[in-house]
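# Notes for the structure review
The chain contents come next:
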Amino acid sequence: MIKKGILLVISSLIFNFLSFGQEKSKDTIPDKPERPAFESSYIIDNPTNILYNKKTLEIMMSHRFGLINGGTNDLAGIWGSANIRIGATYAVHDRLTVGFGTTKFKRFQDFNWKAALIEQTRSGKIPVSVTYYGNFAIDARKKGNNRFPTVQARYSYFHQLIIARRFSRNFSMQVAPSVSHFNYVQHRMRNDVIAVSLGGRYKISPQTAILIDYSKPFVHHLDGAELPTDPKPGFSIGAEFGTSGHAFQLFISNLSGILPQENNMFNTNDFFKGDFLIGFNITRKYNF
C-alpha cells in the first residue's frame, strides 16, 4: 500500500509538472503578424501598408490615359495625353523600404520611403497595422514664365499615416490621413493640404479582387486664387489580378496625376460629372 501511495504521488507530480510546462510553452509562443492586407504596395492611387521581405526589389509602372470626355477624337482617352510613372523600391529591412520614381507630367522625380510602425496580429491583440509613408519630389521642368524663381520652388513633400486592417481572407480596408506641401504655388493658393483617403479590397477569387480608392482633400484657397476651384475628391474603382510575383490593376479614376500630393493639391476633375479616365498599375517583385 505504501509503495502504491508513493507511486501515485510521484505520478501526480510528474503530470502536474508536464501540464505546467505545456501551459508555459503556450504562453511563450510569439503572436504572429497577420497575413498581408493587400496584394500590392498601392491601392490604385494611394500607398498601402504592404512592406516586402528584406532584399526584395519592386518595379512599378503606372499609366493614366487622357479623360474619356476630353475630346471628340481621343478613342475614350486612349489617344489623348497620357501620364506615366516608372518607379522602383527596395526593402532594406523587413519593416523599411526606400524608392525612386520618375513621372511624365511636370517631370516629377520622387524619392520615397515606407516604414512599418505597428503590425496587426493574428490573435487580434493588435487589431490594425500602422505604417508611415513619405516622399520628396522635384519638379524637373525647364525654368520659364516665372515658374521657378528659386531652386526650392521645385520641391514638394507628402506624409501619410496608413491605418489598415485585414478583416478576413477576402476583405481588407485602410484609412490614411495625409499632409501635402508645395514650396511654391500659384497666387493666393495655400501651400499645404490635409487629406484623408479610404481604400478597400475584396477578393472574388484567389487571384482577383475588386478595389475602391477615395481621397478627400480639406483645403479652401484664398479668394482670388488663380486655380479655378478648390481640389476635387479623388475616386477610383477597378480590379486587381495578382500572382506570387506581380499584380495588375485596371481601373477608372478621375485622377490624372500619379503622385498623391499633386492629386490632393491640383485635381479639378469631378468623377460624377464624367471627368474620369482609364488607368492601370503593374508591379513586379524580385527577391534577392
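For the structure, check the block above.
Because the structure is predicted, anything quoted here is derived from the model rather than measured.

## With respect to the environment of Val 151
- Mapped onto the fold, Val 151 is located in the loop between strand S7 (129-139) and strand S8 (155-166).
- Through-space distance from the C-alpha of Val 151 to that of Asp 139 is 9.7 Å; in sequence the pair is 12 residues apart.

## Focus on the sheet that holds strand S11 (residues 208-218)
- With respect to topology, 12 strands assemble into a closed barrel ordered S3-S4-S5-S6-S7-S8-S9-S10-S11-S12-S13-S14, the strand pairing being antiparallel. On average, each strand axis in the sheet is tilted by 20 degrees relative to the strand beside it, whichever way the strands run.
- Sheet analysis places S8 next to strand S9 (residues 171-182), joined by 9 bridges and oriented antiparallel. Counterpart to Tyr 157 in the pairing with S9 is His 181.

## Observations regarding empty space enclosed by the protein
- Here the structure, examined in full by the defined rule, presents 4 cavities of 30 Å³ or more.
- Lining the largest cavity are 18 residues; nearest its centre among them are Ser 41, Tyr 42, Glu 58, Thr 89 and Asn 112.
- Secondary structure elements with two or more residues in the lining of the largest cavity: strand S3 (56-67), strand S4 (83-93), strand S5 (96-103) and strand S6 (108-118).
- Partitioning the lining of the largest cavity into residue classes produces 10 nonpolar, 5 polar and 3 charged.
- Its volume calculated, the second largest cavity comes out at about 60 Å³.
- Every residue along the wall of the second largest cavity is listed here: Tyr 42, Ile 44, Asp 45, Met 60, Ser 62, Arg 64, Arg 85, Ile 258, Leu 259 and Pro 260.
- Take the lining of the second largest cavity: its biggest share by element is 3 residues, from S3.
- Here the lining of the second largest cavity is built from residues that sort into 6 nonpolar, 1 polar and 3 charged.

## Considerations on a positive patch on the surface
- Together, Lys 32, Arg 35, Arg 122 and Arg 169 make up a positively charged patch on the protein surface.
- Relative to the elements of secondary structure, Lys 32 occurs in the loop between helix H1 (2-28) and strand S1 (42-43).
- Among the residues examined, Lys 32 registers a relative accessible area of 53% and is labelled exposed.

## Concerning the environment of Gly 77
- One can find Gly 77 in the loop between S3 and S4.
- The spacing of Gly 77 and Leu 277 is 200 residues in sequence and 6.7 Å in space, taken between C-alpha atoms.
- When sequence neighbours within four positions are dropped, the list of residues in contact with Gly 77 reads Phe 65, Gly 66, Leu 67 and Ile 68.

## Section: the side chain of Asn 281
- Along the polypeptide, Asn 281 turns up in strand S14 (residues 277-287).
- For Asn 281, a relative accessible area of 1% corresponds to the buried category.
- From its side chain, Asn 281 meets the backbone oxygen of Ile 44 in a polar contact 2.9 Å long.

## Here we look at the layout of surface pockets
- Estimated volume of the largest pocket: approximately 1000 Å³.
- Taken together, 40 residues line the largest pocket, and the ones lying closest to its centre are Arg 35, Pro 36, Ala 37, Phe 38 and Ile 50.
- The leading source of residues in the lining of the largest pocket is strand S10 (residues 192-205), at 3 residues.
- Partitioning the lining of the largest pocket into residue classes produces 12 nonpolar, 16 polar and 12 charged.
- Within this model, the second largest pocket holds a volume of roughly 580 Å³.
- The biggest single contributor to the lining of the second largest pocket is helix H2 (residues 260-266), with 3 residues.
- Of the residues that constitute the lining of the second largest pocket, the class distribution is 10 nonpolar, 11 polar and 7 charged.

## Structural notes on the nonpolar core
- Judged by nonpolar contacts, Phe 108, Ala 137, Phe 182, Val 185, Met 189, Val 193, Val 219, Leu 259, Met 265 and Phe 266 together constitute the single largest core of 10 residues.
- Leaving out residues up to four positions away in the same chain, Leu 259 has contacts with Arg 85, Thr 103, Phe 108, Asp 110 and Ala 137.
- Counting residues in each nonpolar core, the second largest holds 9 residues, with Ala 37, Phe 38, Ile 50 and Ala 164 among its members.

The rules behind the values
Residues numbered from 1 in each chain as written. Predicted model: local features only at pLDDT ≥ 70, side-chain atom pairs only at ≥ 80, totals over all residues. Heavy atoms only, no water. Helix = DSSP H or I, 4+ residues; strand = E, 2+ residues; numbered from the N terminus. Pairing = 2+ DSSP bridges. Axes fitted to C-alpha atoms, helices over the stretch in contact; angles between N-to-C directions. 1 Å grid on protein atoms, 1.4 Å probe; cavity = no way out; pocket = protein on both sides within 12 Å on 5 of 7 lines; lining within 4 Å. Points joined across faces, edges and corners; volume = space filled by probe spheres on them. Nonpolar A, V, L, I, M, F, W, Y, C, P; charged D, E, K, R; others polar. Patch = residues over 30% accessible without salt bridge, like charges linked within 9 Å, V, L, I, M, F, W, Y side chains within 5 Å. Areas by Shrake-Rupley, 256 points an atom, 1.4 Å probe, with all protein chains shown as cover. Salt bridge = Lys/Arg side-chain N within 4 Å of Asp/Glu carboxyl O. Lys, Arg positive; Asp, Glu negative; His and termini not counted. Charge placed at Lys NZ, Arg CZ, Asp CG, Glu CD. Buried < 20%, exposed > 50% of the residue type's maximum accessible area, 1.4 Å probe, protein only. Contact = heavy atoms within 4.5 Å. Polar contact = N/O pair within 3.5 Å; in protein donor to acceptor, adjacent residues only side chain to side chain. Core = buried A, V, L, I, M, F, W, Y, C linked by side-chain atoms within 4.5 Å.

This is a description of form; function is not addressed.
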